[in-house]
Structures are given as structure tokens and as C-alpha cells.
Amino acid sequence: MPESRKQGRKKLKPSEAVGRDGPGKYGKIRQPPKSDASIKAELIDQVLSECLHTSPEQARAALSHGSCQWNVKKAVAKIKYCEWDIDLGLQTPSPLELAKQGVDQTLLHRIRRKFDMKDLVVDKYDIGITREKIEVMSTGCSLSSEIITWWLEWWCEKTGGGSQKMMPKGMRGVGKNWFASTYFYSKLVGSGTYTFQEVKRWTQHINVFECDKMIIPINQHMHWYCACINFVEKRIDIFDSMGPGAHPEVRAHLLHWLRDEHMDKRGLPLDEVGWTLWPPPEEIIHVPKQENNCDCGVFAFLFAASVSLDRPFDFSQRDIPMIRNWMVQVMYKEGEKMGTCAHPGL
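Draft legend 1. Highlighting helix α10 (residues 296-309). The end-to-end C-alpha separation of α10 is 20 Å, in line with the 20 Å expected for 14 residues at 1.5 Å each. The element α10 is largely enclosed, with a buried count of 14 among its 14 residues. In the stretch just after α10, Asp310 is the one whose phi turns positive, near 60 degrees.

Draft legend 2. Broad picture of the environment of Arg235. For Arg235, the position within the fold is in strand β9 (residues 235-239). Sequence separation of Arg235 and Gly274 is 39 residues, and the distance between their C-alpha atoms is 8.4 Å. The contacts of Arg235, once residues within four sequence positions are left out, are Cys228, Ile229, Asn230, Trp275 and Thr276. Here the side chain of Arg235 touches Asp237 through a polar contact of 2.8 Å, side chain to side chain.

Draft legend 3. A look at the sheet that holds strand β7 (residues 213-220). The 5 strands are arranged β5-β6-β7-β8-β9 in an open sheet whose pairing can be described as mixed. With one partner strand each, in any of the chains shown, β5 (162-163) and β9 form the two edges of the open sheet. With 5 bridges joining them, strand β8 (residues 223-230) and β9 adopt antiparallel strand pairing. When the bridges of β9 are listed, Cys226 appears paired with Phe239. Packing against the sheet, α10 makes contact with β6 (177-179), β7, β8 and β9, and its axis sits at approximately 15 degrees to β8.

Rules used in this analysis
Residues numbered from 1 in each chain as written. Predicted model: local features only at pLDDT ≥ 70, side-chain atom pairs only at ≥ 80, totals over all residues. Heavy atoms only, no water. Helix = DSSP H or I, 4+ residues; strand = E, 2+ residues; numbered from the N terminus. Expected span 1.5 Å × (residues − 1). Buried < 20%, exposed > 50% of the residue type's maximum accessible area, 1.4 Å probe, protein only. Contact = heavy atoms within 4.5 Å. Polar contact = N/O pair within 3.5 Å; in protein donor to acceptor, adjacent residues only side chain to side chain. Pairing = 2+ DSSP bridges. Axes fitted to C-alpha atoms, helices over the stretch in contact; angles between N-to-C directions.

This is the structure we're talking about:
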């Protein structure tokens, strides 16, 4: 190359480079192409901003506080439509958080005034709930097994849990939880004698050892509480709103069932290394206590829901009246949505 041409060449500064994204002496500054992740992040912010009718920053703040749930669902639906597996940082709300989003007292009053006792409120999960049956949702009444079963099924549907013959699917932020029947434990122990054969067929389509947790509502002596077999941490927990929740006989029966279930389904003895029956101290896991003799069913459901989310218990006795009202409201709206409600549109 001639010397003159060598001397005439000039190395361009970045600000003078020919590019597409900014002005320079010879054109626009060339910027590296955006990554797929950054493009997706910008589009997510745009979707959230549109759905929540606010700025991306305020939309993110609304998400972190769990507000605007309906619009959040719209945003998530749009993003899933794009087939992106993206973690928006959303946390599945607890029943208390859902209840705090609002209870329509006018609607509750209309339900009590409009519905006759035999009128159907909701028919879902093969459980027909009439106005008469939701009377147990009133303050001062104990929940029936039928109502608790309905609510556990509803919670399974919302969180990807499993029950009866259905294995849990799980969902983002929630493990694979299988909820046993409200009659599981009473059948297992009968009149006080452990009998594996009584519940052997109940799990013939279920492999509980592929679950993260098995959650068991228990009723003994007209009192509801909740047990949990934690397969991840190899622990059996009991959550009782009336006491410390030791229940050593329940823990022993459930471990006995685990041994029999493992042998029956896998043909091998259960590896019990690492399993513990001792409950953690109360100062480590605070278990809310009821202050009457009628709210144990509500507490048992709330224990089951919180345990499935792997979150600390966020409720107390003072929240129970509001949660009872919220439960009635949800059942009415589910019946309205399913077309099984006797008086929709109240």
C-alpha cells in the first residue's frame, strides 16, 4: 500500500463510527444488538404498563404489593401467549391476601335475603353447596367436612395441587402438593387401630413419593387440624390451632403409613435416614391459635393453604370473620361463573 494512503487513513473514534442508534460525525453510533432477554424485558414492561394503565415502574410496584390482581392476570396471560417462560416475580397470594382485596358486604346481604335454604349457591367438584350448607360459614359455626373439602379442591385448582386421583402439577413458586381426603386419617386409624388396607386403594393412581408435600386435614373429637408429610425435608408436621400440635400418635401412624405405602407401591422398604417426627419449637414455627371452639375448620384450611405455599402463617383469630365472609363471596361467584347458582347477578 502506498505510504501516502497509509498516512491518510484515520482511525475513527466511537462517536464517529457509522451506526444506527445515535449521531456521529459520519452517521449514527453503532450499538451492539439487544439480547433477546432485554427485548423481552422491555416488552414485559410495556405489557404490564398497558394492563395496569400506569408506568412500568408503578406497574412493578403494584405487582410487588399484590394489587391489581385482575389486570395482573391479563398481563400474565398476554405474556404466556407469547410462549415465554419468564418469572415476573409474582407470588401466589394467600387466602388472607385475597380476602383483603375486598369483601362486598352488600352482596353477602343480598345472598342471605334472596336465597332460600334449598337454593343452590355453587355446584363444583361434584359437591353441591346450598344456602343451607353455607350457613356453617357464619360466625360461631363449625365448618363441615363438605365445605372443607370444597375449599381444598378450590385451592388445588388455584395452585396446581393434586387431590383424589389427580397428581399435582405444581406451578411457578408453588411445589407439588397432594391433598388427602378429609376422611383419609379417620379411615386409616378406624376406631383407634391402624389399618393400611382401609386406605390402600385411595392412592392407587397417586405416587406420593413424587410430591413435595402431602397435606392431610384431620378431624378428631369434633376438632379439625392439619398434618403435612414433607418429602423434601423428610419431616411430619402437625398444625393445631388449639394446642402445641405434638400429636405423637398421629405422627407415628403417618410414618407407619409411609412405610406400608412405599413397600406397596415400590416394593422396597422406606429409607428412613433423615426422617424426623419431632416438631420444631414454637418459636421457630409460630402456629396461630383460635380463641373459641368453632373456628378450627377455618384454621385447618388456612394451615393447609399456607403450608402448600411454603410461607409463614400470616393470619390470626381477628382475621377469621373477614375470611369467612370472603369464602361465601368466592363460592357465590364460582357458582355464578359455572352457571350453577340459583340467583346470579345479585
